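Here is what each chain is made of, one letter per residue.
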Amino acid sequence: MSDSSLRARLEALRKQLHEHSYRYYVLDEPIIPDVEYDRLFRELQDIEREHPEWRSDDSPTQRVGAEPLSSFSQVRHETPMLSLDNVFSEQELRDFDRRVRGRLDDGQAFHYACEPKLDGIAVSLLYVDGVLVRGATRGDGRVGEDITHNVRTVDSIPLKLQGEGWPVELEVRGEIYMPRQGFEALNMRAREEGSKTFVNPRNAAAGSLRQLDSRITASRPLEMCCYGVVASDDNLFSSHSGALAQLKRWGFLTSVELAVVDDIEACLAYYEQLLSRRDQLAYDIDGIVFKVDELALQEQLGFVSRAPRWAIAHKFPAQEEVTTLRDVEFQVGRTGAVTPVAKLEPVFVGGVTVSNATLHNLDEIERLGVKLGDTVIV
């Protein structure tokens, strides 16, 4: 086969593999069996091995991981990655809605976009001319770490965008997380190998993304779900939900739970129905994010120092478990203060295993009459 024919075959293989990955990871509609995907992938590897000068960063073969880095470099976010304010009750959410309406013109209609708040790691992906050129952690919101070598290994992150119509520069923001099934499989493998297990999926995802050796990251079952976008073309989108719909067409995974509703009553109903299904989801969530859907109104509402005025996170109630008080030990601090510490039967709650609890409020302990062997709520 001539070089020109071989080069054409290489480009065709890359296009096919990108399309099959999109169908598998984003649409959940694969059209070829895994064995056929593997055959196409090996053919591409063979061509790139024969012609290493034809390799490119957007090739599907670049997901397997590269040589370890010596350290992470820093990335400055041109548009800060701000955090969200939290509310914990129905009344606080209604107060948020009242503030939003108070800052808009009387009777101005708008909608809320509702999404589950994934319990993962916030990241930023930068695409130039449709090709992934950089991945970064949120960091302090203004400066993060360059984790490009690691995000390339995540199958649900496109190395090259699908379709057409994207701007010259596109920054996509989302959450990288580890689904529960993948987390259990990872810990099972760790136990079989006699190595340390992870406490919860979020810690596992964070540890995976901070590997200097991207081959380790490539072996971890990570996914990314998009929740925002910054585009060089300000007029590209008119709504948050519309932007996410377009991102899905360009190859990104978005939440199937996304809903657009008319008012705060519908927001509360969404919160309650997803809370009731929380344990049946394939991933961990710790609340719901509500955003004013219209981007023009988001701009009008603006920001406070660290958070947008047009979005809020309604956190779920703390998770509780029942366990047994086994013993009490007394710890002496540097100042000589004595602190009683409850030794509990270890219990897994809220993503961590709890075995100790500080009994700093002695009056409350005496009022409750706590004794060894009692059943307590953590």
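Everything discussed here concerns the structure shown above.
The residue count restarts for each chain, going from 1 along the sequence in the order it is written. Owing to the predicted nature of the model, reporting of local features is limited to residues with pLDDT of at least 70; listing and counting of side-chain atom pairs is limited to 80 or more, with chain, interface and lining totals taken over all residues. Side-chain numbers here rest on the full set of heavy atoms in the structure, without hydrogens or water.

A. Broad picture of the sheet that holds strand β9 (residues 259-261). When DSSP locates at least two bridges between a pair of strands, those strands are taken to pair. Only runs of H or I of at least four residues qualify as helices and only runs of E of at least two qualify as strands under DSSP, and these elements are numbered from the N terminus. Read across the open sheet, the 5 strands follow the order β2-β11-β10-β3-β9; overall the sheet is mixed. Each edge of the open sheet is held by one strand with a lone partner, namely β2 (86-87) and β9. Pairing of strand β3 (residues 112-118) with strand β10 (residues 285-292), which is carried by 6 bridges, proceeds in the antiparallel orientation. Following the sheet pairing, A113 is matched in β10 by K291.

B. Representation of the side chain of T148 within the structure. Within the secondary structure, T148 sits in helix α4 (residues 148-151). When its relative accessible area of 11% is taken as the criterion, T148 is described as buried. A polar contact is formed between the side chain of T148 and the backbone nitrogen of G135, at a distance of 2.9 Å. Identification of polar contacts relies on pairs of N or O atoms within 3.5 Å, with a donor-acceptor requirement for protein atoms, meaning one able to donate a hydrogen and the other able to accept it, and with residues adjacent in sequence counted only if both atoms are side-chain atoms. There is a polar contact of 2.6 Å between the side chain of T148 and the side chain of D146. A contact between two residues is defined here by any heavy atoms of the two lying within 4.5 Å. With residues up to four places along the chain from it excluded, the contact list for T148 reads V133, R134 and G135. Throughout, exposure labels follow a simple rule: accessible area from a 1.4 Å probe, protein chains only, divided by the maximum for the residue type, with under 20% read as buried, over 50% as exposed, and the rest as partly exposed.

C. Quick peek at the packing of aromatic side chains. Two rings from Phe, Tyr or Trp (for Trp, the six-membered ring) form a pair when their centres sit within 6.5 Å of each other. Planes less than 30 degrees apart are called stacked, planes more than 60 degrees apart edge-to-face, and all others tilted. Taken as a whole and judged by the stated rule, the model has 9 aromatic pairs. Relative to F41, the ring of Y37 lies with its centre 6.4 Å away and its plane at 20°, an arrangement referred to as stacked. Of this pair, Y37 and F41 both sit in helix α2 (residues 34-50), 4 residues apart, which is roughly one turn of that helix. Ring centres of Y271 and F316 lie 5.3 Å apart, and the angle between their planes is 55°; on these two criteria the pair is classed as tilted.

D. Expanded view of the pattern of salt bridges. By definition here, a salt bridge exists when the distance from a side-chain nitrogen of Lys or Arg to a carboxyl oxygen of Asp or Glu is within 4 Å. Summed over all chains, the structure comprises 23 salt bridges. As a salt-bridge pair, D119 and R202 come within 3.5 Å of each other at their nearest N and O atoms. Of this pair, D119 sits in the loop between β3 and β4 (121-128) while R202 sits in helix α6 (residues 201-209), and the two are 83 residues apart along the sequence. Between R173 and E171 there is a salt bridge, and its shortest N-O distance comes to 2.9 Å. Accessibility assignment for this pair places R173 and E171 in one class, buried. One connected set of salt bridges, linked through shared partners, spans R7, E11, R14 and E48.

E. The state of the cysteines, seen in detail. Two cysteine sulfurs form a disulfide in these notes if their separation is within 2.5 Å. Counted by the stated rule, this structure contains 0 disulfides. Sulfur of C114: no disulfide; nearest cysteine sulfur belongs to C267 and is 4.3 Å away. The buried category is assigned to C267, whose relative accessible area is 0%.

F. Main features of the sheet that holds strand β8 (residues 223-231). Strand order in the open sheet formed by 4 strands is β5-β4-β7-β8, and the pairing between neighbours is antiparallel. The strands lining the two open edges of the sheet, one partner per strand, are β5 (131-137) and β8. Going across the sheet, the axis of each strand differs from the next one's by a mean of 30°, ignoring polarity. Here β4 pairs with β5 via 6 bridges, running antiparallel. Bridged to S124 within β5 is A136. Packing of helix α8 (residues 240-249) onto the sheet brings it into contact with β7 (169-177) and β8, and relative to β8 it is tilted by some 120°. Here an angle of 0 to 180 degrees is reported between the N-to-C directions of two axes, which are lines fitted to C-alpha atoms, with helices fitted over the stretch in contact.

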